[in-house]
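Fold and contact review
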Amino acid sequence: MTSAEQAGGSAVLQPRTGRRRSPRQRAQRVRVVSYALGAAVLAALVLVPDWPRIQRNFLDGGVFADQFPKIVTIAARNTVVYTVLSFTGGLVLGLTMALLRLSTIRPYRWFAAVYIEIFRGLPALLTISLIGFAIPIALGVGFPVVLGVETGGIIALSLVAGAYMAETIRAGIEAVPRGQMEAARSLGMPYGQAMRSIVIPQAFRIIIPPLTNELVLLLKDTALLSILGVTVTSKELTKFARDGVNQNFNGTPIVAAGLLYLAITIPLTRLVAQLEKRNRRSR
Amino acid sequence: MNVASAIDIIGLHKSFGPVQVLRGIDLSIAPAHVVCVIGASGSGKSTLLRCVNRLEEPTSGRILIDGLEITDPDCDVDGVRTRIGMVFQQFNLFGHLNVLRNVTIAQEKVLGRSRDEAVEAGMRVLERVGLAGRADEYPSRLSGGQQQRVAIARALAMDPDMMLFDEVTSALDPELVGEVLEVMRGLAEEGMTMMVVTHEMGFARRVADRVVFMDEGVVCEQGGPDQVLGDPAEERTRRFLQRVLEH
C-alpha cells in the first residue's frame, strides 16, 4: 500500500495522531539508522587502534607459549582447588546458618543473623586480611599450610561465601511449600528427618541458579588470596598472570589467564543449565 | 476415659492470636466408624482435623488416640502420627520423588522397613488405588485425581489405624472427584476409622456413620446422616444446607 492510497483510505478513518508515516515505515527508518550507527562503531573499532602494537603487547605468541604448562598445572589448578574448598566450606556454613536462622530458638536466629550481617557486609579483601594476618598475629599462631594451600585464606573465603549462601539457602527452604513439611511430619518423620529428606533436596533444586552464581563469584574472589603472600606453587590465575606481566613487560599473560577463567566458568554454567533442565522434568 | 473410642476430643480450644477458631469441641469417633465433618469455610473444621495429629497445637483441651493422650507434652507425637494417615487438600506429594518413592520413603525412614519390604507394601497400596502402573512417574505428570490417590496410598503404606481427610476433593476438577471418593468409600467399607472434612454432601450421606456440623468453632449438631442432612434439628444447620444444596 502506498502512502497515497493510505491517505485516500483515511478519509473514512482519520488517524488522530497526525503522523505522516505509518508505524511500519517508522520502524523501518529506525532500523536503517541503527544499522548505520552499528557499522560506524565497528569500523572505528577496526581502523582506529594500532593493531600491530596491540598484538605485540597482548597477543605475543612467544610469551603466550611461555605461560604453558605452568599456567594450567599450577595457576588454574590452584584457582579450582581454592574455589572447590571454599565453596564446600561456604556450603556447610551456609546450610548451618540457614537452619539456625529458621530455628524456633531465638538466640540461634540472632547468632546466624549476626554472622550473616558481618561477613556479607565486610569486603572479602578485609575478611581475608583479618583472618589471614590479624588473627594469626594476635594469637601468635599461624594457619597450617595443607597441600600447599593457605588455610587461613580458605577459611576467610568460606566465611564470606557462607554468609551469602545462608540467605540463598534460607530463601530456598522457605520457597518449598509448607505442605511438604506437613505431609512429611504427618507420616511420622521427625523435623530433622523431614528437613533432610524432603525439604532441603527440593530447596536446592530451586536455588541451583543463585548457587552457581555464587560459585562463579567465588572463583573470581580466589584472586584476592594472593594478598596473603604466595609461593611459586601456590599462585592462582590472577597472581600468576600479574607476575607474568611484570616479568615480560607484556600483557599477554593476562589474556591467557582470562581465557582460562572463561574456559572454567563457561562449561561450568552450561553444565549447571543442563542439570537444571533435567531436574525440571521431575518437579 | 473411654478406651473404646479411636479418637476422643475433649474440651478442645484453639486460638490463632486473638482469633478463637475452636471454642470447646467434644467429639468421639468409634473404631471403624466414618465421621464426616461439614460446615462453612472458617467454621474451624480443618483446624479441628489438624489438631487430631497435632499439626496444629491445641491451645487447651485433650485429644486421645486409642486412649493415648497425644496432647500430653511427654507424648511421642511422631510415633502416634505413624498410626494416623492424613490426606491434604493440596495432595502435598513429594515433588522430587517418583510415585513409588513417595509411598516408600517414610516406611523406610520411619518404620525402619527394608527397601524390599517397603517396595512390596508400596506396590500393594498403589495397586489398590489403581496406580501401580504409574510407579515410576513423577507426581507432576499425574492428574489431580491421580495425585490425590497416590497421596492416599502414601498414607495407607504406613498401615495406619485411622485416616484423616482434609477437604481432599476441593482442589480437584469436578470430573476427577469421583475416582478419589471411590477409593475412600472402599476404605470405609473395609472398616477403616475415618474422619473426613468435606463439602461432598452426597459422600457424607452415603458413607458416613455420623455427620458433624460445625459452626463458629463449635459442634452445632451431630447425628446420623439422614437426620443431620435430611431433617436437621438446628436452624443453623438448615441454613447451611440450604446454601450448599441450592446450587
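Bringing the overall build of chain A into the picture now. Of the regular secondary structure elements, chain A holds 13 helices and 2 strands. A compact globule built from 283 residues would reach a C-alpha radius of gyration of about 19 Å, whereas chain A, at 28 Å, exceeds it by more than 25%. When its C-alpha atoms are laid out on the principal axes, chain A stretches across 90 × 65 × 35 Å. Within chain A, the proportion of its 283 residues that are buried is 38%. Relative to all contacts within chain A whose residues are 6 or more apart in sequence, the contacts with residues 24 or more apart total 75%. Counting 31 positive and 14 negative side-chain charges, chain A places the centres of these two groups 11 Å from one another.

In this section: the side chain of Ser197(A). One can find Ser197(A) in helix α10 (residues 191–206). For Ser197(A), a relative accessible area of 10% translates into the label buried. If we skip the residues at most four places from it in the chain, Ser197(A) touches His96(B), Ile105(B) and Lys109(B).

Moving on, we come to the interface of chain A and chain B. Taken together, the 21 residues of chain A in the interface contact 24 residues of chain B. Around 1900 Å² of area is buried between chain A and chain B when both sides are counted, 58% of it from carbon and sulfur atoms. The interface formed by chain A and chain B holds 2 salt bridges in total. With a closest N to O distance of 3.3 Å, Arg185(A) and Asp78(B) form a salt bridge. For the side of chain A that touches chain B, the elements supplying multiple residues, two or more each, are α9 (178–186) and α10 of chain A. Of the residues forming the side of chain A that touches chain B, the biggest block, 8 residues, is contributed by α9(A). The residue makeup of the side of chain A that touches chain B, split by class, is 7 nonpolar, 8 polar and 6 charged.

Attention now goes to the environment of Ala40(B). Considering the arrangement of structural elements, one finds Ala40(B) in the loop between β3 (34–38) and α1 (45–52). Beyond its immediate stretch of four places on either side in the chain, Ala40(B) contacts Lys45(B), Met214(B), Phe240(B) and Arg243(B).

Moving on, we come to the sheet that holds strand β7 (residues 162–166) of chain B. All names here are of chain B. Across the sheet, which stays open at both edges, the 6 strands sit in the order β6-β7-β8-β3-β9-β10 with mixed pairing between neighbours. The strands lining the two open edges of the sheet, one partner per strand, are β6 (84–87) and β10 (218–223). In this sheet, neighbouring strand axes are inclined to one another by 15° on average, regardless of whether the strands run parallel or antiparallel. In this sheet, strand β8 (residues 193–197) lies alongside β3 in parallel orientation, the contact comprising 4 bridges.

In terms of nonpolar packing, the biggest core is built from 74 residues, with Ile7(B), Ile9(B), Leu48(B), Ile65(B) and Met195(B) touching the most fellow members. Broken down by element, this core gets its largest block of residues, 10 residues, from helix α8 (residues 151–175) of chain A. Beyond its immediate stretch of four places on either side in the chain, Leu48(B) contacts Ile9(B), Leu12(B), Leu22(B), Ile25(B), Leu27(B), Met195(B) and Met214(B). Leu126(B), Ala135(B), Ala188(B) and Cys220(B) belong to the second-largest nonpolar core, a separate cluster that totals 50 residues.

Now for the packing of aromatic side chains. Evaluated as defined, the whole model comprises 3 aromatic pairs over all chains. Centre to centre, the rings of Phe64(A) and Phe68(A) are 5.5 Å apart; their planes meet at 50°, and the pair counts as tilted. The exposure class assigned to Phe68(A) is partly exposed, which follows from its relative accessible area of 34%. The ring of Phe94(B) has Arg154(B) lying over it, and the distance from NZ or CZ to the ring centre is 4.5 Å.

On average, residues of chain A score 88 in pLDDT, and 92% of them reach the 70 mark or higher. The lowest-confidence element of chain A is helix α1 (residues 3–9) of chain A, averaging 48 in pLDDT; the highest-confidence one is α9(A), averaging 97.

Attention now moves to the pairing of β7(B). Residue and element names in this part refer to chain B. Burial analysis of β7 places 5 of its 5 residues in the buried class, which makes it a mostly covered element. Neither face of β7 is left uncovered, since the one carrying Met162, Leu164 and Asp166 and the one carrying Met163 and Phe165 both have all their residues buried. Note that β6 and β7 share 4 bridges and pair parallel. Pairing of Gly85 across the sheet is with Met163, part of β7. In terms of strand pairing, β7 meets β8 through 5 bridges, oriented parallel. Opposite Leu164, over in β8, you have Met195 as the bridge partner. In this view, the connection linking β7 to its parallel neighbour β8 by way of helix α6 (residues 174–189) has right-handed handedness.

Rules used in this analysis
Within each chain, residues carry numbers counting from 1 in the order of the written sequence. Chains carry letters from A onward and ligands carry numbers from 1 onward, assigned in written order. Local features are withheld for residues below a pLDDT of 70 in this predicted model, meaning they are given only at 70 or higher, and side-chain atom pairs are given and counted only at 80 or more; totals for whole chains, interfaces and linings count all residues. Hydrogen atoms and water are omitted, and side-chain values are computed over all heavy atoms in the structure. Going along the chain from the N terminus, every DSSP run of H or I of four or more residues is numbered as a helix, and every run of E of two or more is numbered as a strand. Radius of gyration here uses only the C-alpha atoms, and the compact-globule reference equals 2.2 Å multiplied by the residue count raised to the power 0.38. Three exposure classes are used, based on accessible area relative to the maximum for each residue type with a 1.4 Å probe and protein chains only: buried under 20%, partly exposed in between, and exposed over 50%. Note on definitions: a residue-residue contact is assigned when non-hydrogen atoms from the two residues lie within 4.5 Å. Counted as positive: Lys and Arg. Counted as negative: Asp and Glu. His and the chain ends are not counted at all. To locate a charge, take atom NZ for lysine, CZ for arginine, CG for aspartate or CD for glutamate. Buried area: the sum, over both parts, of the accessible surface (1.4 Å probe) that disappears when the two are put together. Take a side-chain nitrogen of Lys or Arg and a carboxyl oxygen of Asp or Glu: if they are within 4 Å of each other, that pair is a salt bridge. Each residue receives one of three labels: charged for Asp, Glu, Lys and Arg, nonpolar for Ala, Val, Leu, Ile, Met, Phe, Trp, Tyr, Cys and Pro, and polar for the others, Gly being one of them. Whether two strands pair depends on DSSP finding at least two bridges between them. For helices, the fitted axis covers only the stretch in contact; all axes are lines through C-alpha atoms, and the angles between them, taken along N-to-C directions, range from 0 to 180 degrees. Definition used in this section: a nonpolar core is a set of buried Ala, Val, Leu, Ile, Met, Phe, Trp, Tyr and Cys residues joined via side-chain atoms within 4.5 Å. For Phe, Tyr and Trp, where Trp contributes only its six-membered ring, two rings pair if their centres lie within 6.5 Å, and the inter-plane angle classes them as stacked under 30 degrees, edge-to-face over 60, or tilted in between. In this analysis the charged atom, NZ for Lys or CZ for Arg, is taken to sit over a ring once it is within 6 Å of the ring centre and within 35 degrees of the ring normal. Per-residue confidence from the prediction method is given by pLDDT, with values spanning 0 to 100. With the strands aimed away from the viewer, a crossover counts as right-handed if its path from the first strand over the helix to the second runs clockwise.

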